[in-house]
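Below, each chain spelled out in residue letters.
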Amino acid sequence: MFSKEVSLELFRRVCLCRNFELNVKKAFDSNLMPKIPVYLSLGQESATAAISIAFECEKKFGQHRCHDLYLCYGASPEKLRDELLGLATGCAGGMGGSASIHAPEIGMIGHDGHMGTQVKIGTHYALGSRNKTLITFGDASAEEGYVLGAQGEAATHKAPALFVCMDNNLSIK
(Lines give C-alpha, C1' and ligand atoms only; values in the text may rest on other atoms or scores of the structure.)
Protein backbone atom coordinates (compact mmCIF):
# COMPACT_ATOMS: atom_id res chain seq x y z
CA MET A 1 0.00 0.00 0.00
CA PHE A 2 1.28 3.45 -0.92
CA SER A 3 1.43 6.31 1.52
CA LYS A 4 -1.01 9.18 1.03
CA GLU A 5 1.81 11.36 -0.32
CA VAL A 6 2.94 8.76 -2.87
CA SER A 7 -0.64 8.09 -3.95
CA LEU A 8 -1.26 11.79 -4.48
CA GLU A 9 1.97 12.20 -6.44
CA LEU A 10 1.06 9.22 -8.61
CA PHE A 11 -2.37 10.73 -9.27
CA ARG A 12 -0.80 14.13 -10.03
CA ARG A 13 1.52 12.60 -12.65
CA VAL A 14 -1.28 10.61 -14.26
CA CYS A 15 -3.44 13.74 -14.47
CA LEU A 16 -0.58 15.85 -15.85
CA CYS A 17 0.02 13.36 -18.66
CA ARG A 18 -3.65 12.77 -19.45
CA ASN A 19 -4.50 16.49 -19.55
CA PHE A 20 -1.41 17.35 -21.59
CA GLU A 21 -2.20 14.66 -24.15
CA LEU A 22 -5.89 15.53 -24.39
CA ASN A 23 -4.95 19.16 -25.02
CA VAL A 24 -2.43 18.12 -27.70
CA LYS A 25 -5.11 16.03 -29.42
CA LYS A 26 -7.57 18.91 -29.22
CA ALA A 27 -5.02 21.35 -30.70
CA PHE A 28 -4.08 18.88 -33.44
CA ASP A 29 -7.71 18.17 -34.36
CA SER A 30 -8.36 21.94 -34.47
CA ASN A 31 -5.45 22.49 -36.89
CA LEU A 32 -3.56 24.60 -34.35
CA MET A 33 -0.37 22.55 -34.75
CA PRO A 34 1.97 21.85 -37.63
CA LYS A 35 0.92 18.85 -39.71
CA ILE A 36 3.56 16.47 -38.44
CA PRO A 37 3.06 13.06 -36.85
CA VAL A 38 2.03 13.30 -33.21
CA TYR A 39 2.45 10.19 -31.10
CA LEU A 40 0.30 10.39 -27.99
CA SER A 41 0.78 8.24 -24.92
CA LEU A 42 -2.89 8.25 -23.97
CA GLY A 43 -3.84 5.12 -22.10
CA GLN A 44 -0.39 4.35 -20.76
CA GLU A 45 0.10 7.27 -18.39
CA SER A 46 -0.63 5.30 -15.21
CA ALA A 47 2.07 2.73 -15.99
CA THR A 48 4.66 5.41 -16.68
CA ALA A 49 3.67 7.43 -13.61
CA ALA A 50 4.12 4.36 -11.40
CA ILE A 51 7.47 3.50 -13.00
CA SER A 52 8.72 7.06 -12.53
CA ILE A 53 7.95 6.85 -8.81
CA ALA A 54 9.33 3.36 -8.29
CA PHE A 55 12.39 3.39 -10.57
CA GLU A 56 14.99 6.10 -10.19
CA CYS A 57 17.62 5.84 -12.87
CA GLU A 58 20.49 7.64 -14.53
CA LYS A 59 19.16 7.50 -18.11
CA LYS A 60 15.85 6.94 -19.82
CA PHE A 61 15.58 5.72 -23.40
CA GLY A 62 12.05 6.17 -24.68
CA GLN A 63 10.16 5.26 -27.77
CA HIS A 64 8.38 7.70 -30.04
CA ARG A 65 5.30 7.63 -27.77
CA CYS A 66 7.05 9.02 -24.74
CA HIS A 67 5.40 12.30 -23.82
CA ASP A 68 4.40 10.53 -20.59
CA LEU A 69 7.98 9.47 -19.84
CA TYR A 70 9.19 13.00 -20.42
CA LEU A 71 6.52 14.51 -18.17
CA CYS A 72 6.52 11.91 -15.38
CA TYR A 73 10.25 12.25 -14.78
CA GLY A 74 9.85 16.01 -14.39
CA ALA A 75 10.85 17.65 -17.67
CA SER A 76 9.23 20.93 -18.70
CA PRO A 77 5.69 20.70 -20.12
CA GLU A 78 6.25 24.10 -21.73
CA LYS A 79 9.32 22.86 -23.64
CA LEU A 80 7.38 19.82 -24.81
CA ARG A 81 4.49 22.02 -25.95
CA ASP A 82 6.91 24.25 -27.81
CA GLU A 83 8.54 21.22 -29.44
CA LEU A 84 5.19 19.99 -30.70
CA LEU A 85 4.53 23.45 -32.11
CA GLY A 86 7.89 23.46 -33.90
CA LEU A 87 9.27 26.38 -31.88
CA ALA A 88 12.98 26.93 -31.25
CA THR A 89 12.23 26.95 -27.50
CA GLY A 90 11.17 23.29 -27.69
CA CYS A 91 13.05 20.48 -25.98
CA ALA A 92 14.73 19.54 -29.28
CA GLY A 93 14.85 23.07 -30.67
CA GLY A 94 11.57 22.53 -32.51
CA MET A 95 13.30 20.10 -34.87
CA GLY A 96 12.38 16.66 -33.50
CA GLY A 97 8.65 16.88 -33.03
CA SER A 98 6.80 14.20 -31.15
CA ALA A 99 9.06 11.34 -32.22
CA SER A 100 12.40 12.67 -30.96
CA ILE A 101 11.82 14.53 -27.72
CA HIS A 102 14.63 14.52 -25.20
CA ALA A 103 15.55 16.15 -21.93
CA PRO A 104 19.17 16.15 -20.77
CA GLU A 105 18.09 17.65 -17.44
CA ILE A 106 16.32 14.39 -16.52
CA GLY A 107 18.68 12.07 -18.39
CA MET A 108 16.22 11.33 -21.19
CA ILE A 109 17.77 10.44 -24.52
CA GLY A 110 15.70 11.33 -27.58
CA HIS A 111 14.52 8.64 -29.94
CA ASP A 112 15.96 8.53 -33.46
CA GLY A 113 12.68 7.50 -35.08
CA HIS A 114 13.67 3.97 -36.09
CA MET A 115 11.50 1.39 -34.40
CA GLY A 116 13.21 -0.23 -31.43
CA THR A 117 16.71 1.21 -31.81
CA GLN A 118 16.50 2.80 -28.37
CA VAL A 119 16.54 -0.72 -26.88
CA LYS A 120 19.94 -1.56 -28.34
CA ILE A 121 21.34 1.91 -27.58
CA GLY A 122 19.98 1.88 -24.01
CA THR A 123 21.28 -1.63 -23.41
CA HIS A 124 24.77 -0.62 -24.47
CA TYR A 125 24.59 2.48 -22.29
CA ALA A 126 23.63 0.33 -19.29
CA LEU A 127 26.38 -2.21 -20.01
CA GLY A 128 29.05 0.45 -20.55
CA SER A 129 28.16 2.72 -17.64
CA ARG A 130 26.75 0.12 -15.23
CA ASN A 131 24.16 2.80 -14.29
CA LYS A 132 20.48 1.96 -13.76
CA THR A 133 18.73 2.56 -17.08
CA LEU A 134 15.08 2.62 -18.14
CA ILE A 135 14.28 1.46 -21.67
CA THR A 136 10.72 1.68 -22.97
CA PHE A 137 9.49 0.38 -26.29
CA GLY A 138 6.22 -0.38 -28.01
CA ASP A 139 4.69 -3.75 -28.66
CA ALA A 140 5.55 -3.61 -32.37
CA SER A 141 9.23 -3.08 -31.52
CA ALA A 142 9.21 -6.24 -29.46
CA GLU A 143 9.04 -8.16 -32.73
CA GLU A 144 12.31 -6.70 -34.03
CA GLY A 145 15.30 -9.03 -33.92
CA TYR A 146 17.69 -6.44 -32.57
CA VAL A 147 15.33 -5.75 -29.66
CA LEU A 148 15.31 -9.40 -28.67
CA GLY A 149 19.06 -9.60 -29.23
CA ALA A 150 19.66 -6.58 -27.02
CA GLN A 151 17.53 -8.05 -24.27
CA GLY A 152 19.44 -11.32 -24.50
CA GLU A 153 22.71 -9.42 -24.31
CA ALA A 154 21.43 -7.48 -21.29
CA ALA A 155 20.46 -10.70 -19.52
CA THR A 156 23.75 -12.44 -20.34
CA HIS A 157 25.86 -9.55 -19.08
CA LYS A 158 23.53 -8.53 -16.24
CA ALA A 159 22.88 -5.00 -17.48
CA PRO A 160 21.31 -2.75 -14.84
CA ALA A 161 18.34 -2.04 -17.10
CA LEU A 162 14.58 -2.16 -16.76
CA PHE A 163 12.81 -2.95 -20.05
CA VAL A 164 9.18 -1.87 -20.32
CA CYS A 165 7.01 -2.83 -23.27
CA MET A 166 4.08 -0.45 -23.73
CA ASP A 167 0.85 -1.52 -25.38
CA ASN A 168 0.57 1.11 -28.08
CA ASN A 169 -2.83 -0.18 -29.08
CA LEU A 170 -4.08 2.17 -26.38
CA SER A 171 -2.28 5.15 -27.94
CA ILE A 172 -3.51 7.31 -30.74
CA LYS A 173 -1.94 9.58 -33.29
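Cut-offs applied
Residues numbered from 1 in each chain as written. Predicted model: local features only at pLDDT ≥ 70, side-chain atom pairs only at ≥ 80, totals over all residues. Heavy atoms only, no water. Pairing = 2+ DSSP bridges. Helix = DSSP H or I, 4+ residues; strand = E, 2+ residues; numbered from the N terminus. Polar contact = N/O pair within 3.5 Å; in protein donor to acceptor, adjacent residues only side chain to side chain. Phe/Tyr/Trp six-rings, centres within 6.5 Å; stacked < 30°, edge-to-face > 60°. Buried < 20%, exposed > 50% of the residue type's maximum accessible area, 1.4 Å probe, protein only. Lys NZ or Arg CZ within 6 Å of the ring centre and 35° of its normal. Axes fitted to C-alpha atoms, helices over the stretch in contact; angles between N-to-C directions. Parallel < 35°, antiparallel > 145°, perpendicular 65-115°, else oblique. Left-handed = near helix turned anticlockwise from the far one by under 90°. Contact = heavy atoms within 4.5 Å. Nonpolar A, V, L, I, M, F, W, Y, C, P; charged D, E, K, R; others polar. Expected span 1.5 Å × (residues − 1). Salt bridge = Lys/Arg side-chain N within 4 Å of Asp/Glu carboxyl O. Core = buried A, V, L, I, M, F, W, Y, C linked by side-chain atoms within 4.5 Å.

Turning our eyes to something else, we now look at the sheet that holds strand β3 (residues 133-138). An order of β2-β1-β3-β4 is seen for the four strands of this open sheet, with the pairing classed as parallel. Taken across any chain shown, the strands that pair with only one partner, and hence form the sheet edges, are β2 (108-109) and β4 (161-166). By the bridge criterion, six bridges tie β3 to β4 in an arrangement that is parallel. The residue bridging Ile 135 from the neighbouring strand is Phe 163, located in β4.

By the element assignment, Ser 41 lies in the loop between α1 (4-29) and α2 (45-54). Of note is the side chain of Ser 41, whose polar atom sits 3.2 Å from the backbone nitrogen of Asp 68.

Summed over all chains, the structure comprises one aromatic pair. Consider the rings of Phe 61 and Tyr 125, whose centres lie 5.9 Å apart with planes at 45°: the pair is tilted. Of this pair, Phe 61 sits in strand β1 (residues 59-61) while Tyr 125 sits in helix α5 (residues 117-129), and the two are 64 residues apart along the sequence. Given the relative accessible area of 4%, Phe 61 is considered buried. Seen from the ring of Phe 28, Lys 35 lies directly overhead, with NZ or CZ sitting 4.4 Å from the centre. Above the face of the Tyr 73 ring, Lys 60 is positioned so that its terminal group lies 4.7 Å from the ring centre.

It is worth spelling out the packing of α5 against helix α6 (residues 145-156) at this point. At a minimum axis distance of 8 Å, the contact between α5 and α6 shows a crossing angle of 15°. Accordingly, the angle class assigned to the pair α5 and α6 is roughly parallel. Crossing handedness for the pair α5 and α6: left-handed. Of α6, the residues touching α5 (which contributes Thr 117, Val 119, Lys 120, Thr 123, His 124 and Leu 127) are Tyr 146, Val 147, Ala 150, Gln 151, Glu 153 and Ala 154. Class assignment for the residues of the contact of α5 with α6 results in six nonpolar, four polar and two charged.

Our focus in this paragraph is α1. Helix length check: α1 (26 residues) gives 37 Å between terminal C-alpha atoms against 38 Å at 1.5 Å per residue, within 8%. Downstream of α1 by a residue or two, Asn 31 has a phi angle that is positive, lying close to 60°.

As a further point, take the pattern of salt bridges. If the charged atoms of two oppositely charged side chains come close together, the side chains can form a pair. The tally for this structure, following the rule as stated, stands at six salt bridges. In this structure, the salt-bridge partner of Glu 9 is Arg 12, at a minimum N-O distance of 2.8 Å. Placement of both Glu 9 and Arg 12 in helix α1 is noted, with a separation of three residues, approximately one turn of the helix. For Glu 9, a relative accessible area of 25% translates into the label partly exposed. When its relative accessible area of 43% is taken as the criterion, Arg 12 is described as partly exposed. For Glu 45, the salt bridge identified is with Arg 18, shortest N-O distance 2.9 Å. You can see Glu 45 sitting in helix α2 and its partner Arg 18 sitting in helix α1, a full 27 residues away along the chain. The structure contains a network of salt bridges with shared partners spanning Glu 9, Arg 12 and Arg 13.

Core analysis: the biggest nonpolar cluster contains 30 residues, and Val 24, Tyr 70, Tyr 73, Leu 80, Ile 101, Met 108 and Leu 134 have the highest contact counts within it. Looking at this core, the elements with two or more residues in it are α1, α2, α3 (67-72), α4 (77-84) and β4. Here Leu 134 is in contact with Ile 51, Phe 55, Cys 57, Lys 59, Lys 60, Phe 61, Leu 69, Tyr 73, Leu 162 and Val 164, once residues within four sequence places are set aside. If you look at the next biggest cluster of nonpolar residues, it comprises six residues, including Phe 61, Val 119, Phe 137 and Val 147.

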